[in-house]
Amino acid sequence: MNGVGRVQYRVDKKSGNKLSALGLGCMRFPPVGQEAERVILAAINGGVNYFDTAYIYPNSEKTLGSVLKKHNLRESVFIATKMPISMCKKYEDFDRFFDEQLRRLQTDFVDYYLMHNVLSFSQWETIRNLGIEKWIAQKKETGQIKHVGFSFHGSGDDFPKMLDTYDWEFCLIQYNYYDENYQAGKNGLRLAAEKGLSVMVMEPLLGGRLATGLPKKAVDVFAKANPEKTPANWALDWLWNHPEITVVLSGMSSAKIAEENIRAATKFIPFEENELAVFSDVKNIFAESFKVKCTGCNYCLPCPKDINIPARFAAYNASYAQNYFAGVFMYFVGMGAISPNPISIRSCTSCGKCEKACPQNIPIRTEFKKVARRFESLPMRAALKMLRLFKNG
Ligand code: SF4
Ligand code: SF4
């Protein structure tokens, strides 16, 4: 961590807590070895004190809890985690999930607790009818929940209703320079800030697409404007340039990436007005290649037919962002094209399970038709069959 420095801080308006402007998004911890521990420790060493996890993130709460316990760091950080509201069918479920979260996190309180993935106002009303407001009041009284908020993937029309329906202390929205007018959007950001809420931001890099998935032409535009800054650095700075934003969550898949993000959060200085022009050029170039708005969140998995939906979309987008052959290669590797049992998207039964879970509202079944046309045309399937026969005998 030599020379990395410590991140800047912003004040949570409701509590007065000093939160790191960079938070660790724990949705995509590295899957193997001790890298997750290294990421968490690198973040804390760099001054990051806001850690965002959720009940449904695989192994995330448990990993975070055990690393904090092992290094005696619980008191050094604020933990944010979330109630899986889509899984709550009765009042007792609230305690069932929450108690399990405390056990996984090895703590007896949660600093920032969110209603997870609110997709519509009517969904919130369903949870309210189950008694969530009474439950939150009890948890706040016992001190097991310090601050309450919600994470949002619904429409721009429903977001103001959510702000008005309860005395929230903070919210978590999807926001980045490409999504300025998507979901809560800049209007929602302004409204939340006017109400005195702290606004945390998720998907600052669109699941990495704004870091490593930009077409070369867009990377060149950034490089010309400032060769010192990476595309990820540009995207994070764009967010920190909003004083209404308190914490920007970044999922950091290695200690190296954590250190890069920390360096950016250390050095940030507000943009001059003329510097902002670069984003509209990059946005236009990126829009040409970002055909399916998939962020790779994996909420749609598992698919009953074992189709790795985000991987198929990543390949499809890469075939426009990089070049056709890069996309084809990703696609065929992902489906196990020359293995004895390749998993084609043509095995999709159209059950619709994935679409119900998708926070980006992607019409997955319809998009699959375009993907199939691009990668699984009749001649392509015939060629693959020949290859399989040749390889597997
Ligand atoms: S609609 Fe198709 S891709 Fe989606 S879950 Fe069902 S089988 Fe899988
Ligand atoms: S299709 Fe939707 S739910 Fe699935 S990974 Fe992409 S954004 Fe997430």
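Quick note: structure is the one above.
What counts, and at which threshold
Residues numbered from 1 in each chain as written. Chains lettered and ligands numbered in written order. Predicted model: local features only at pLDDT ≥ 70, side-chain atom pairs only at ≥ 80, totals over all residues. Near = placed C-beta within 6 Å. Helix = DSSP H or I, 4+ residues; strand = E, 2+ residues; numbered from the N terminus. Nonpolar A, V, L, I, M, F, W, Y, C, P; charged D, E, K, R; others polar. Buried ≥ 20, exposed ≤ 12 C-beta atoms within 10 Å, placed from the backbone. Expected span 1.5 Å × (residues − 1). Arc of directions from axis to C-beta. Contact = placed C-beta atoms within 7 Å. Pairing = 2+ DSSP bridges. Right-handed = clockwise from strand over helix to strand, strands pointing away.

Asker: Residue-level account of the site of ligand 1, with values.
Answerer: Looking at ligand 1, there are 14 residues lining it, with Cys303, Cys348, Cys351, Lys353 and Cys354 nearest. Elements that contribute at least two residues to the shell around ligand 1 include exactly helix H15 (353-357) and helix H16 (364-375). Residues belonging to the shell around ligand 1 are distributed by class as follows: eight nonpolar, three polar and three charged.

Asker: So what about unusual backbone geometry? Which residues, and what values?
Answerer: In the segment running from Leu301 into Pro302, the intervening peptide bond is cis, with an omega of 0 degrees. Take Pro302: it is sitting in the loop between helix H12 (277-289) and helix H13 (309-321). The phi dihedral of Gln183 falls on the positive side, at around 55 degrees, and the residue is not glycine. Among the secondary structure elements, Gln183 is positioned in the loop between strand S8 (170-174) and helix H7 (185-194). Residue Glu203 is not a glycine yet carries a positive backbone phi of 50 degrees. With respect to the helices and strands, Glu203 occurs in the loop between strand S9 (198-202) and helix H8 (209-212). Residue class for Glu203 comes out buried when judged on the 28 C-beta atoms lying within 10 Å of it.

Asker: Break down helix H14 (residues 324-335) for me, with residues and values.
Answerer: Given 3.6 residues per helical turn, the α-helix brings residues three or four places apart onto the same face. Compared with the 16 Å implied by 1.5 Å per residue over twelve residues, the 17 Å span of H14 between its first and last C-alpha is a close match. Along H14, the residues that are buried comprise Gly327, Met330, Tyr331 and Met335. Down the axis of H14, the buried side of the element spans an arc of 115 degrees, and every buried residue falls inside it. Exposed positions of H14 whose direction lies more than 90 degrees from the buried face are Phe325 and Val333. Considering only its buried residues, H14 is in contact with H13 and H16. At the C-terminal side of H14, Gly336 shows a positive phi close to 65 degrees.

Asker: Quick one: what's the story with the pairing of S8, residue by residue and with numbers?
Answerer: Across a regular strand the side chains alternate sides, sitting on one face of the sheet and then on the other. Summarising burial for S8: five of the five residues are buried, a large majority. Taking every second residue as pointing to the same face, both faces of S8 are buried, with Phe170, Leu172 and Gln174 on one and Cys171 and Ile173 on the other. Relative to S8, strand S7 (residues 145-152) runs parallel, the two sharing four bridges. Across the sheet, the residue bridging to Phe152 is Ile173, located in S8. Taken together, S7, helix H6 (residues 158-165) and S8 form a β-α-β motif whose crossover is right-handed. Relative to S9, S8 is paired through five bridges, and the arrangement is parallel. Pairing of Leu172 across the sheet is with Met200, part of S9. For the crossover from S8 across H7 to S9, the handedness is right-handed.

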